[in-house]
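Each chain is listed here by its residues.
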Amino acid sequence: MVVPKLDKTEKLVIPFLLLFLLPKYIIQIFSTCNKEEGEMLKEQKREKVILHEMTAQKILKLIKEQNLQQGDKLPTERALAQMLGISRTSLREALQNLEANGIIKIRHGSGIYVDVYDDSMLNLYGEIHQNNYKDVLITVHQMMEARMMTEIYCIRRLAETITPQQLDQLRSHEQEEYERLYFRNGVVAAPGLDFEQLLVSFLGNPVLTNIHKRLNSSWKSYLSILNAVVLSPDRRHKDHNLIIRALEDHNAAKAEKAITSHLVKSEKTIHLLLKQYEAIEDNDEEEASEESIYD
């Protein structure tokens, strides 16, 4: 094979091209590797979360099947890990999640105890298929009813008793939450009921606070499955500020009107989502029926 000779210009140009292009290709290679590594890490994290959720569901199933009541003791950590066929590390993370949601209580040196308030609250954490959005929407709609019963009652009571310190805490929390929610990296973060949770906690009723805390946790989980935001950050912030101003005036009727309006808007959004899903479901059934006629 005859190798062609390079003239002087080509001898100068080729090293320059290599110097200019090589770093670009190296960067592309590293960028591709980093992207693939990032996707792998995301997938591993997703699998880890699913494992924790499955473990938590198995523990909940055990509580229900054995009809364990508040104060009853669960098997030891080692026994649970063997029963569920998982590592103790995965078990601990699932137990910590359940404890944070008020389902169990971990007493170091003593054991793991059931701490759920009643069976209806336990059902909020019941098993649900993540792809069955209709079931999720129905459950969220039922949560709205629970919110109306607790939050409207609490706001009327709170209008009479709220202190200047509590109002300052509420204003500070709302501003921080609004800044957190509003378009982080171009994405609206999923809100919970932390503002309402703070309102309920101000009453000083541990039973109501505990119930609403679990409702808040379930609300976040189910809206995360739907990948939905019930109200925009702006609308939510405006409503919350109206509630705060009514509380500043210690006007129970005004406060009730403000929170009821806020809740009704949320309920309408959920109802609309449910109707849209049912319409899609009906359309899919019609298309399936038409296909079967022509098959």
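Thresholds, definitions, all that
Residues numbered from 1 in each chain as written. Predicted model: local features only at pLDDT ≥ 70, side-chain atom pairs only at ≥ 80, totals over all residues. Heavy atoms only, no water. Core = buried A, V, L, I, M, F, W, Y, C linked by side-chain atoms within 4.5 Å. Buried < 20%, exposed > 50% of the residue type's maximum accessible area, 1.4 Å probe, protein only. Helix = DSSP H or I, 4+ residues; strand = E, 2+ residues; numbered from the N terminus. Contact = heavy atoms within 4.5 Å. Pairing = 2+ DSSP bridges. Salt bridge = Lys/Arg side-chain N within 4 Å of Asp/Glu carboxyl O. Phe/Tyr/Trp six-rings, centres within 6.5 Å; stacked < 30°, edge-to-face > 60°. Lys NZ or Arg CZ within 6 Å of the ring centre and 35° of its normal.

Asker: Mind showing me how you'd approach the nonpolar core here?
Answerer: Where a protein is soluble and globular, its nonpolar side chains tend to be buried together. If you look at the biggest cluster of nonpolar residues, it comprises 36 residues, and the most contacted ones within it are Val140, Leu170, Leu199, Trp219, Ile243 and Leu247. At the level of secondary structure, the elements contributing two or more residues to this core comprise α5 (133–161), α6 (164–181), α7 (194–201), α8 (206–226), α9 (233–248) and α10 (252–294). Of the residues forming this core, the biggest block, nine residues, is contributed by α5. With near-sequence residues (within four places) excluded, leucine 170 lies in contact with Ile162, Phe195, Leu198, Leu199, Phe202, Ile244 and Leu247.

Asker: How should I be thinking about the pairing of strand β1 (residues 104–107) in this particular structure?
Answerer: For a regular strand, the rule is simple: side chains alternate between the two faces of the sheet. Bridge count between β1 and strand β2 (residues 111–114): four bridges; the pairing is antiparallel. When the sheet's bridge partners are listed, arginine 107 is paired in β2 with glycine 111. Here β1 folds back onto β2 in antiparallel fashion, the turn holding three residues, of which glycine 109 has a positive phi close to 85°.

Asker: What is the right way to look at the pattern of salt bridges in this model?
Answerer: Within this structure, the stated rule accounts for 10 salt bridges. For arginine 92, the salt bridge goes to glutamate 77, with nearest N and O atoms at 2.9 Å. In this pair, arginine 92 sits in helix α3 (residues 88–100) while glutamate 77 sits in helix α2 (residues 77–84), placing the two residues 15 residues apart along the sequence. Take arginine 92: its relative accessible area is 36%, and that puts it in the partly exposed class. A salt bridge links glutamate 151 to arginine 147, with the nearest nitrogen and oxygen atoms 2.9 Å apart. Remark: arginine 147 and glutamate 151 occur in helix α5; sequence separation between them is four residues, near one turn of the helix. The residues glutamate 151 and arginine 147 share a single accessibility class, namely buried. Taken together, the salt bridges that share partners define one network made up of Glu77, Arg88 and Arg92.

Asker: I'm lost on the packing of aromatic side chains in this one. Help?
Answerer: Each aromatic ring pair is specified by the distance between its two centres and by the angle formed by the two planes. Overall, the coordinates contain zero aromatic pairs when judged by the stated rule. Note that arginine 107 overlies the ring of tyrosine 113, its terminal NZ or CZ placed 4.3 Å from the centroid. Above the ring of tryptophan 219, the side-chain terminus of arginine 147 is found at 4.9 Å from the ring centroid.

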